[in-house]
Amino acid sequence: MKVIKYIVVGMMMLAASTHAFAQKNLVVNGGFENELDGWVDYSAKVTPYMYSSGKMSSAIFSSDSSKWTGMHQVVSLPKNTQYILMSAKIKADAVSTGTKSWNGALFLFETLNKQDAKIGEGINIASVTGDQDWKLYEKAYIIPPGVTQIKLLFAMGYVTGTMFIDEVSLKVITQSEFEKYL
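Basis of the calculations
Residues numbered from 1 in each chain as written. Predicted model: local features only at pLDDT ≥ 70, side-chain atom pairs only at ≥ 80, totals over all residues. Heavy atoms only, no water. Helix = DSSP H or I, 4+ residues; strand = E, 2+ residues; numbered from the N terminus. Buried < 20%, exposed > 50% of the residue type's maximum accessible area, 1.4 Å probe, protein only. Contact = heavy atoms within 4.5 Å. Areas by Shrake-Rupley, 256 points an atom, 1.4 Å probe, with all protein chains shown as cover. Salt bridge = Lys/Arg side-chain N within 4 Å of Asp/Glu carboxyl O. Pairing = 2+ DSSP bridges. Axes fitted to C-alpha atoms, helices over the stretch in contact; angles between N-to-C directions. Core = buried A, V, L, I, M, F, W, Y, C linked by side-chain atoms within 4.5 Å.

**Some thoughts on the overall build of the chain**
Alright, step 1. What the chain contains, in helices and strands, is 2 helices and 10 strands.
Alright, step 2. Counting from the amino terminus, the chain carries its helices and strands in the arrangement α-β-β-β-β-β-β-β-β-β-β-α.
Alright, step 3. The buried share of the chain, reckoned over its 182 residues, is 42%.
Alright, step 4. The long-range share in the chain, meaning contacts at least 24 apart out of those at least 6 apart in sequence, stands at 78%.
Alright, step 5. Of the roughly 10200 Å² of accessible surface on the chain, a fraction of 57% belongs to carbon and sulfur atoms.

**With respect to the pattern of salt bridges**
Where charged atoms from two side chains of opposite charge come close, those side chains can pair.
Alright, step 1. Under the defined criterion, the tally for this structure stands at 3 salt bridges.
Alright, step 2. Here D93 makes a salt bridge to K91, at a shortest N to O gap of 3.3 Å.
Alright, step 3. Looking at D93, the relative accessible area reads 27%, which means it is partly exposed.
Alright, step 4. Under the relative-accessibility criterion, K91 is labelled buried at 11%.
Alright, step 5. K118 is the salt-bridge partner of E110, the closest N and O atoms lying 3.5 Å from each other.
Alright, step 6. The exposure class of K118 is partly exposed, given its relative accessible area of 42%.

**Description of the sheet that holds strand β3 (residues 57-62)**
Alright, step 1. Strand order in the open sheet made by the 5 strands is β2-β3-β10-β5-β8, with antiparallel pairing throughout. Looking along the sheet, the strands with just one partner apiece sit at the ends: β2 (44-47) and β8 (130-142). Adjacent strand axes in the sheet meet at a mean angle of 30° when their direction is disregarded.
Alright, step 2. With 10 bridges connecting them, strand β5 (residues 83-95) and β8 associate as antiparallel partners. Bridging from a neighbouring strand, L85 pairs with A140 of β8.

**So, the sheet that holds strand β1 (residues 40-42)**
Alright, step 1. Taking strand neighbours across the sheet as the criterion, the 5 strands line up as β1-β4-β9-β6-β7 in an open arrangement whose pairing is antiparallel. Only two strands of the sheet have a single neighbouring strand rather than two, namely β1 and β7 (118-128). In this sheet, adjacent strand axes meet at a mean angle of 15° when their direction is disregarded.
Alright, step 2. Of the strand pairs in this sheet, strand β6 (residues 104-112) and strand β9 (residues 149-157) are connected by 9 bridges, and their pairing is antiparallel. The partner of T111 across the bridge, within β9, is I150.

**Let's talk about the pairing of strand β4 (residues 68-76)**
Alright, step 1. As paired strands, β1 and β4 are joined by 3 bridges and run antiparallel to one another. By the bridge assignment for β4, Y42 is matched with G70.
Alright, step 2. Relative to β9, β4 runs antiparallel, the two being bridged by 9 bridges. Bridged to V74 within β9 is K151.

**Points about the nonpolar core**
Alright, step 1. Membership of the largest hydrophobic core comes to 37 residues, with the highest contact counts inside it found for M86, F107, I150, L152, F154 and L170.
Alright, step 2. At the level of elements, β4, β5, β6, β7, β8, β9 and β10 (161-173) are the ones that each hand at least two residues to this core.
Alright, step 3. In terms of residue count, the dominant contributor to this core is β5 (6 residues).
Alright, step 4. Leaving out residues up to four positions away in the same chain, I150 has contacts with Q73, V74, V75, L77, I84, M86, F109, E110, T111, I143 and L170.

In structure tokens:
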């Protein structure tokens, strides 16, 4: 009888650890509490004056609509990842409308293989214009064969204004969790 109890407890611990692993944020410094550590920036800054949580956020400012400014992070996925959930909180101040429908304060991602080559087209999660208070944007996604990394991008895509970013997350989720986003 004791053996059965140990087996049951072991199975429960294994299930709990699998669920905990599935909920781990794979983004490095998604709250920007350590400045821009983990991020590749092309004119992004951090600010202690505007944030959703913690003490900092990232800010991307553009006064020239002929330029693309922003930052990105490449996140490696655990082996056999099937489903992910990407999310971030975004605030927009005076973001202009561009000439193309996708122009704005952008949150998008690209899929990469193990050689860092892009697979397919980038996918837009959010394109914000005007003024907007903090809002959570999220996207659940099925990982296609050959994808080993996700490149998360935040940019001012050929517009002017300011975009604030905080609470960036990428988590491995289960199929049942994925189905909640359908």
